[in-house]
Every structure is written in structure tokens, then in C-alpha cells.
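Structural description and commentary
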Amino acid sequence: MAETFPVKLKVRPTSGGETVNPEAKYWRSFKVPKDIETVPTKSFLYPISSVSFSPVAPHDFAVTHSATVTVFSGKDLNPRSTLSDFSDSAASVAYRCDGKLLAVGNLTGTIHVFDAKSRSHLRRLKSHAAAARHVSYPRATDKFHLFSGGDDSVVKYWDVATETCLFDLLGHKDYVRCGDASPVSDEMFLSGSYDHKVKLWDVRVPKSGSIMDLNHGKPVESVIYLPSGGMIASAGGNEVKIWDLIGGGRLLHSMESHNKTITSLCMGRVSSGVADEDRILSVSLDGYLKVFNYSKFKVTYSMRFPHPLLSVGLSPDCSIRAIGTSKGNLYIGRRKVKLETNDTGGHTDWGALEEEPQGKMVLRPTYFRYFQRGQNQKPYERDFLIKRSKKVKLAEYDKLLNKFRHKEAFVAALNRKNPDIVVAVMEELVTRKKLLKCVSNLDENELGSLLSFLQKYSTRPRYASLLMNLANKVIELRVEDIRCTDDLKVHVRNLKRDIEEELKIQRSLLEIQGMVSPILKLAAKR
């Protein structure tokens, strides 16, 4: 006996359909897990000016808002502790390389050092004449120093243990608002200022001033090292610029993807299946998060948020993302990370031996009981599963089509009022060359249902190619019946009106396209 299959709609592009690439899926996967009883948005009363992640797992993170620093747990994404021993608003926060200390700069110019676990206030570093807008620890092994930048235009290098400023690094002529420590050397770091300059410092030669000056062209809001340590990215205005330090400070690329001032940058990583690729994440006052592939110099993903964005941070393992806004909203998301095994390859392999649960015997193919397992026995990872073919459930119109009762199948599909089903049945009848015969045999009520369906869905791009041709054929075949019935005349008038409105819209869109196309061509040449 021949096997029967249900009628399905032919694959065709949907109107306004968006093709989701693997990278978009990756960045959209940052969500709050269902097993965590929290909401993805943490609301505070004041703008969130800074986000910093601990370099040590589980990667707790701290955010600054007003005169408070809130520390969130990297395990459950809930607030773990609060630091509020400040006389003015906190502007910047940073973890030490071992995650044990937390440094906070505030608007009085004082830098506070806390124990990240016990919240003990350990040190107060006072030397800035104005607000301490940025503070950073060295990244590699140095646990005794940090550097800071402030609105007094001075970059300072501190000995934390003795609370003394070792060097005042002069050279900026305006507010110092950002900086970053080198990933390859504890003695080198960057600073960015509102004087449009990015300066590279080396504390081994403090008296010679900065060892490299880069002109961004606009007030610098954020600057970061790229993972290699030989390139940096600076943000100012609506531009992100990539610089080659090894090549003498050569400008590699300038990107203008935001409409308003970019407020913060951070590094992210995308797993491509073969190797991990680094990305630059930027947030702006226009409410957009942009992901930039600096190896190909193009934006690979963007996401819109309802409020202006001030800060962004990603955990070192790229499993947690935190974004702060000017309205006090903190958007937190976590991505599922596959656990790695301790095999020699460092990854899960089909040939790897499974770890046997303690106290329970694992059945193997060499045991007789292995072949006596019941239906409730769960399969092992290496088992080859043979599944029973599921019984195909046929709808009423499918059963009628199998019996070659074409008109009844057509009417049954119309009564379902599902456009995908109706169009699928129409396409099947076209294949069998029975559609026009079915239309000719419809009674008055059934013809009214068909005209009502054509009026509703003929102008939709997904179905237009079939339904517009069918509408012409229906009017041509049943013109006498339509003339004799007022209800059918109303359906035809409504169909004509909807088609005329759709044509007007299409003409307007073509006019807009003609006006926008030259502008886009000029923008592409810039």
C-alpha cells in the first residue's frame, strides 16, 4: 500500500524575514537562566557609570551607581554585597588580578581599596585634586600597584601598601576619563583624555613622559588593549579607532556605527567551532550595543536597548554580560557554557571514557544483564537509538485528497481559516490540475468564503503570486454568479479596494527608495 503524507506549504521566503547568522544567535543567547529567580534588569536610582568583572571564577562583578558599589555574584547573578563608605559618588571600580581586592575612585579624588570578600576598608589613596574618574590594576602578576586618572588631568601610579603616589605622569591638558593596563606588561598602561589624546605610559621611564601619543580627534571616552597587546581601540564621539602600537601608532581603521557618543568599550570572544575569535563591544548614548570584528573591520551584530548606555562588561570566560544605563537599569545576561573534561585533548570526545558513578554498577555490553534491560532504561551516550516511525496524523482535507474528493478538501481547508493550510491545498490542487474545476463547482456560500479569503490575503507578499492569479480566474469563471448576488459584489469591491491601496503603498515605497538610494551610495563612499 502506498504511503500517504500530509499536505505542506511549499518553502518560500516570508515577508520581512530576517536571516539569523550564528554570531547573532551567540550574542542573543545571553539570557537569565530559568533556574535563577531574578529578572534580567536590575534597577537602581542613579546612572551606572562603571562595570568590572573579577578575573577569578565564578567571576563576580561590581557596578558603581551614585555613592554605592554593588557586587553581584557570578553564580546566581544576584546582589551579594554593597560598599557605601564614600563621601561622594563612585566613578570607577576595578578588581585586582587575583580578584581579592577592589579599588574604587570617587568624585572627591580619593581612591578606596576594599577586601572583595569581607568588604573591609583597607586603604585610602588621596592625591588627586579633582574627581578620580578611572582606576585600574595591572593585569598580569603585580598586586602592589595601581594607576588612576582624574579631572585634574594627571595620571598617577600608586604603591597601594604604603598609600603613596610613586609618579605623577603629566602630559594631558584636559580631564582623564579612561585607561587600560597592558595584557603583556605590568609596567605599561594607556590613558585617554578629553584633550583628544591617547597616551601610552611606561613607569620604568616616568621622567620621559608618555612614550607614545595618539590623536583620536575627539574627546576620548574609553580606551582598551586588544588581547595581543600590540593594538588598542579608542572611542570618542561616535567613532571607534583601531591603532597599531607596534607599527608606531599607525591608525588601522576608523568605524562610525553609532549615532551618538560612544561611552564604553570592552573585549568579547565568539566561539566559531574551530577557534575563538575576539570582538570589540561598544555601547553608546543612542542605546545600541555594537559588536565589531576588528580582523575584518566590520560590525557583526547590534542590539537596541530602551535607554542610553553608559557602561558594558563581559566576564573573562564570556559567560556573563552586564550593561549599565543612564536611567539606573542594569541588564544582566548569562550564556550557557559547555563544561570541558580533563582529557588530554581538553574537550569532550566520542572516544573518551565515561566516568562511572560511585556505588552503582554500570552495565556494559560484556554483561548478560546488559541485554535484558527494560524499555525504561535510559540509553547511554554511545548507544545507537532506533526509533519507531511516528504514525502520521492526517487532517480532514488530507483524507479527502487521498480519496480524490477535491472540492470537499478545498472547502474543508477554507473552513480552517489558516492561510498556510489553504494555500498548501491550493498548490496541491494546481499540481493535480483540479483547482479551477473546484472553483467552478463551488456554491454561493462557498464562493463567498473563497472571495473573502482572497480579499484578506491576496496582498500579502508571501501568498500574492498564487492568490492574485487565482482571483483573476475566479472572477473570470464566476462572473455571472457575482453579478446576480449582492454579497459577492461586496466581496469583489472590497478586493478591488485593497489591491488599489496596496498599489499606492508600493508606489510610495518605490519613491522613497529612489530618494534614499543616492544617499546610501554617498555614505558608502565615505
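Here the structure is a predicted model, which is why all the values come from computation and not from measurement.

**Quick notes on empty space enclosed by the protein**
- Taken as a whole, this structure holds one cavity of 30 Å³ or more when the rule is applied.
- Approximately 30 Å³ is the volume found for the largest cavity.
- Residue composition of the lining of the largest cavity, grouped by class: six nonpolar, no polar and one charged.

**Quick notes on the sheet that holds strand E18 (residues 220-225)**
- Read across the open sheet, the four strands follow the order E18-E19-E20-E21; overall the sheet is antiparallel. Across the chains shown, the open sheet's two edge strands, defined by having one partner strand only, are E18 and strand E21 (250-255). Geometrically, the sheet is characterised by an average inter-axis angle of 20 degrees between neighbouring strands, direction not taken into account.
- Here strand E19 (residues 231-236) runs beside strand E20 (residues 239-244); their pairing, made up of six bridges, is antiparallel.

**So, the packing of helix H4 (residues 419-432) against helix H6 (residues 444-457)**
- Their axes nearest at 12 Å, the elements H4 and H6 cross at an angle of 115 degrees. Our classification of the angle between H4 and H6 gives roughly perpendicular. You can see that H4 and H6 cross each other, and the crossing is left-handed. Judged by residue contacts, Pro-419, Val-422, Val-423 and Met-426 of H4 engage Leu-450, Phe-453 and Tyr-457 from H6.
- Grouping the constituent residues of the contact of H4 with H6 by class yields seven nonpolar, no polar and no charged.

**Some words on the pairing of strand E13 (residues 164-169)**
- Sheet topology note: the strand E12 (residues 155-159)/E13 ladder contains five bridges and is antiparallel. Counterpart to Tyr-157 in the pairing with E13 is Phe-167.
- A loop of four residues connects E12 with E13, the two strands running antiparallel in sequence, and Glu-163 in this loop sits at a positive phi of about 60 degrees.

**A few points about the packing of aromatic side chains**
- Enumeration over the complete set of coordinates arrives at 13 aromatic pairs.
- Aromatic pair Trp-27 and Phe-30: ring centres 5.8 Å apart, planes at 15 degrees, arrangement stacked. You'll find Trp-27 and Phe-30 in the same group, each marked buried.
- Joined through ring pairs, the aromatic side chains of Phe-147, Tyr-157, Phe-167 and Phe-189 make up one cluster.
- Looking at Lys-290, its charged tip hangs above the ring of Tyr-288, at a distance of 4.8 Å from the centre.

Parameters at a glance
- Residues numbered from 1 in each chain as written.
- Predicted model: local features only at pLDDT ≥ 70, side-chain atom pairs only at ≥ 80, totals over all residues.
- Heavy atoms only, no water.
- 1 Å grid on protein atoms, 1.4 Å probe; cavity = no way out; pocket = protein on both sides within 12 Å on 5 of 7 lines; lining within 4 Å.
- Points joined across faces, edges and corners; volume = space filled by probe spheres on them.
- Nonpolar A, V, L, I, M, F, W, Y, C, P; charged D, E, K, R; others polar.
- Pairing = 2+ DSSP bridges.
- Helix = DSSP H or I, 4+ residues; strand = E, 2+ residues; numbered from the N terminus.
- Axes fitted to C-alpha atoms, helices over the stretch in contact; angles between N-to-C directions.
- Parallel < 35°, antiparallel > 145°, perpendicular 65-115°, else oblique.
- Left-handed = near helix turned anticlockwise from the far one by under 90°.
- Contact = heavy atoms within 4.5 Å.
- Phe/Tyr/Trp six-rings, centres within 6.5 Å; stacked < 30°, edge-to-face > 60°.
- Buried < 20%, exposed > 50% of the residue type's maximum accessible area, 1.4 Å probe, protein only.
- Lys NZ or Arg CZ within 6 Å of the ring centre and 35° of its normal.

The values are spatial; any link to function lies outside them.
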